Amino acid sequence: QVQLVESGGGLVQPGGSLRLSCVASGSIFSINDMGWYRQAPGKQRELVAVASVGDRLNYADSVKGRFTISRDNAKNLVYLQMNSLKPEDTAVYYCKADLYPYRSTGLRTYWGQGTQVTVSS
């Protein structure tokens, strides 16, 4: 069984910073993409940032220059450093991984349970 567990959310004032972490554990052969998505109340889930195999990084336009995604492949970890946070960044942030479990027949997608980020004064 594969699990993704996020941590690091919380309440922060506008202009502040937070660092989210996500660890993938379980019967994992290899991981392709790891990324972060978010969902605000009443809105669809949207891509925030993704780190692909080969160190390719992609960001939503709304977070470019403020957020940084990074990975520790040896530990199956992905981080999201969020700086200059704005109230519109308030959402539940989800970790996503596309990976090959052991004894699987193909690539599978897994999601974490989500962590709340609230930006408010």
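Quick note: structure is the one above.
Peer 1: Where do I start with the sheet that holds strand 7 (residues 67-72) in this structure?
Peer 2: Where strands meet in a sheet, backbone hydrogen bonds hold them as pairs that are either parallel or antiparallel. Within the open sheet, the four strands sit side by side as 1-3-8-7. Their pairing is antiparallel. Edge positions in the sheet fall to strand 1 (2-7) and strand 7, since each of these pairs with one other strand and no more. Between one strand axis and the next, the sheet turns by 15° as a mean value, whatever way the strands run. Where strand 7 meets strand 8 (residues 77-82), six bridges bridge the pair, whose relative direction is antiparallel. Bridge pairing in strand 8 places Ser70 opposite Tyr79.

Peer 1: Would you explain the pairing of strand 9 (residues 91-101) in this entry?
Peer 2: A regular strand places its side chains so that they alternate between the two faces of the sheet. Of all eleven residues in strand 9, nine are buried; the element is thus mostly enclosed. With three bridges joining them, strand 9 and strand 11 (residues 115-119) adopt antiparallel strand pairing. Directly across from Ala91, in strand 11, lies its bridge partner Val117. In this structure, strand 9 lies alongside strand 10 (residues 108-111), joined through four bridges in antiparallel fashion. Across the sheet, Asp98 pairs through a bridge with Thr109, a residue of strand 10. What sits between the antiparallel neighbours strand 9 and strand 10 is a turn of six residues, in which Arg103 has the positive phi angle 60°.

Cut-offs used in this document
Residues numbered from 1 in each chain as written. Predicted model: local features only at pLDDT ≥ 70, side-chain atom pairs only at ≥ 80, totals over all residues. Heavy atoms only, no water. Pairing = 2+ DSSP bridges. Helix = DSSP H or I, 4+ residues; strand = E, 2+ residues; numbered from the N terminus. Axes fitted to C-alpha atoms, helices over the stretch in contact; angles between N-to-C directions. Buried < 20%, exposed > 50% of the residue type's maximum accessible area, 1.4 Å probe, protein only.

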